[in-house]
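Spelled out, the chains give:
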Amino acid sequence: MAYKLEDGVTQSMLMSYLGCRQRFRYMAEGWEPEQTGLGDAMLQGSCFHHLLEFHYENGLRPEDADEELRGYIATAFPRLIDPEPVVAMCCTLFPHYLRYHKADDAKVKWKALEKEFDVEWNGYRLRGKIDGIFLKGKDTWTFETKTTSQFPDGVQTAYSLSFSFQNFFYATALSTMGYDITGTTQNYIRTPMLKFKTADELAGKLEKSIADNGLDYYFRRYPIVHSQRQKARFWTDLISLLREFEHFLLGDIRYPGYRNHAGCINRGTCPYLAFCATGQPAGYSQTKVFFRELEDKA
Ligand code: SF4
């Protein structure tokens, strides 16, 4: 495998590994589909994240969002066939997001935005980037944005393994830097699955849906406290997982046959479906980028 444990471990790599070992292996070897289309939730999430990152750090006017996003897509997703739908969706939602959260955002006391970490924890190198760290009274919280076609409720979010894994992973890494994290504000943005013929039609349908359903339907934030018990349990689980992951990379653990067929065509089609089904790399090529999240970090 081209990726090495010494390169560092991020929470999204571990989530990919847990989701499907085979998919993880393709990513670790640098395989990518030669053409990328929309329909990938990751693309919408990355694009909206970029707008928010730029906005919270520099102040982004809605009228400048289109240009900013196109520049980002050209660099981050050079293989994207048609950027118009994702640009239309993000740039339609963005001004409404700013309006909806304007009062709340004005009160937030940020300690750090887009905080990168690269730390040693129990002999493992943990890396990543946190959307935000802020103060709530005397307590320190993290801020995490998610795009989704359907909101879970607050209890579902707090109980969900993906929420716990990501945010406890961040709290664990931050603990090595002297931060004691009390909780996470999960910031949801709905990116609905609309049928459309052109990007303009998509934007029109989205505006109509916003007018019909209201902004509460599109934006939501849940503040979720991390209990000490949850944190302690997570640390034990993370150590076990990292040890297993290390053995997998060393080739000591082999998983037979299909690794997670529920992941092949679940919410979206796995980008490696053709590779897996045929065993042939036609339509794929190997890049030197094994995990994008490791590229823009020190
Ligand atoms: S197609 Fe299915 S088995 Fe193959 S990598 Fe994707 S999720 Fe895993």
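Up top you'll find the structure we're talking about.
We now turn to the structure provided with this report. (Residues numbered from 1 in each chain as written. Predicted model: local features only at pLDDT ≥ 70, side-chain atom pairs only at ≥ 80, totals over all residues.)

**A closer look at the overall build of the chain**
Inclusion rule: Secondary structure elements follow DSSP: runs of H or I no shorter than four residues count as helices, runs of E no shorter than two count as strands, and numbering proceeds from the N terminus. Counts of 20 or more other C-beta atoms within 10 Å of a residue's own C-beta define buried residues, counts of 12 or fewer define exposed ones, and intermediate counts define partly exposed ones; C-beta atoms are placed from the backbone. Contact criterion: two residues are in contact if their C-beta atoms, reconstructed from the backbone, are within 7 Å.
Scanning the chain for helices and strands turns up 11 helices and 7 strands. The C-alpha extent of the chain, read off along each of the three principal axes, is 55 × 50 × 35 Å. For the chain, the proportion of its 298 residues judged to be buried stands at 24%. Excluding contacts between residues fewer than 6 apart, the proportion of contacts in the chain whose partners are at least 24 apart in sequence is 77%.

**Some points on the nonpolar core**
Keep this limit in mind: The nonpolar core criterion groups buried Ala, Val, Leu, Ile, Met, Phe, Trp, Tyr and Cys residues into a set whenever they are joined through C-beta atoms within 7 Å.
Membership of the largest hydrophobic core comes to 22 residues, with the highest contact counts inside it found for Cys47, Leu51, Leu69 and Cys90. At the level of elements, α3 (41–58), α4 (65–76), α5 (84–107) and α8 (199–213) are the ones that each hand at least two residues to this core. For this core, the leading source of residues is α5, giving 9 residues. Residue contacts for leucine 69: discarding those within four places in its chain leaves Cys47, His50, Leu51, Val87, Cys90 and Cys91. Of all hydrophobic cores here, the second largest spans 21 residues; its members include Val9, Ile130, Ala171 and Leu174.

**As for α3**
How we decide: For a helix, the expected span equals 1.5 Å multiplied by the number of residues minus one.
In this model α3 runs 26 Å from its N-terminal to its C-terminal C-alpha over 18 residues, within 8% of the 26 Å that 1.5 Å per residue would give. Buried within α3 are the following residues: Leu43, Gln44, Cys47, Phe48, His50, Leu51 and Leu52. On its buried face, α3 is in contact with α4, α5, β4 (139–148) and β5 (181–190).

**Some words on the pairing of β4**
Worth spelling out the cut-off: Two strands are said to pair when DSSP picks up at least two bridges between them.
Bridge analysis of strand β3 (residues 124–136) against β4 gives 5 bridges, and the strand direction is antiparallel. The residue of β4 that forms the bridge with isoleucine 133 is threonine 142. Following β3, the chain reverses through 2 residues before pairing antiparallel with β4; glycine 137 in that reversal takes a positive phi of roughly 65°. Relative to β5, β4 runs parallel, the two sharing 9 bridges. When the bridges of β5 are listed, tryptophan 141 appears paired with glycine 183.

**Points about the sheet that holds β3**
Cut-off, in case you're wondering: Axes here refer to lines fitted to C-alpha atoms; in helices the fit is confined to the stretch in contact. Angles between the N-to-C directions go from 0 to 180 degrees.
Strand order across the open sheet formed by 5 strands is β2-β3-β4-β5-β6, with mixed pairing between neighbours. The sheet terminates laterally at β2 (109–121) and β6 (219–225), the two strands that pair on one side only. Averaged over all adjacent pairs, the angle separating strand axes in this sheet is 35°, with direction ignored. Two elements, β5 and β6, share 7 bridges in a ladder whose sense is antiparallel.

**Observations concerning the environment of glutamate 63**
Along the chain, glutamate 63 falls in the loop between α3 and α4. Judged by the 9 C-beta atoms lying within 10 Å of it, glutamate 63 falls in the exposed class. Separated by 37 residues in the primary sequence, glutamate 63 and tyrosine 100 have C-alpha atoms spaced 17 Å apart.

**Describing helix α2 (residues 21–28)**
Where α2 is concerned, the buried positions are Arg23, Phe24, Tyr26, Met27 and Ala28. Looking at the buried residues of α2, the elements they touch are α1 (11–19), β1 (31–33) and α10 (273–278). The positive-phi residue at the C-terminal boundary of α2 is glycine 30, with phi of around 85°.

**Brief notes about the environment of glutamate 120**
Structurally, glutamate 120 can be placed in strand β2. What makes glutamate 120 exposed here is the crowd of 11 C-beta atoms within 10 Å. Separated by 154 residues in the primary sequence, glutamate 120 and alanine 274 place their C-alpha atoms 38 Å from one another.

**A look at the packing of α1 against α2**
Rules: Angles below 35 degrees are treated as roughly parallel, those above 145 as roughly antiparallel, those between 65 and 115 as roughly perpendicular, and all remaining angles as oblique. Three categories are distinguished: nonpolar for Ala, Val, Leu, Ile, Met, Phe, Trp, Tyr, Cys and Pro, charged for Asp, Glu, Lys and Arg, and polar for the others, with Gly belonging to the last.
Interhelical geometry of α1 versus α2 gives an angle of 135° and a closest axis separation of 5 Å. Between α1 and α2, the interaxial angle falls into the category oblique. Of the residues in α2, those in contact with Ser16, Tyr17 and Gly19 of α1 are Arg21, Arg23, Phe24 and Met27. Tallied by class, the residues present in the contact of α1 with α2 amount to 3 nonpolar, 2 polar and 2 charged.

**Some remarks on the environment of tyrosine 272**
Topologically, tyrosine 272 is positioned in the loop between α9 (228–250) and α10. Note on tyrosine 272: 21 C-beta atoms within 10 Å, which makes it buried. Distance in space between the C-alpha atoms of tyrosine 272 and methionine 27 is 9.5 Å, their sequence separation being 245 residues. With sequence-adjacent residues up to four places away left out, tyrosine 272 is seen in contact with Arg23 and Tyr26.

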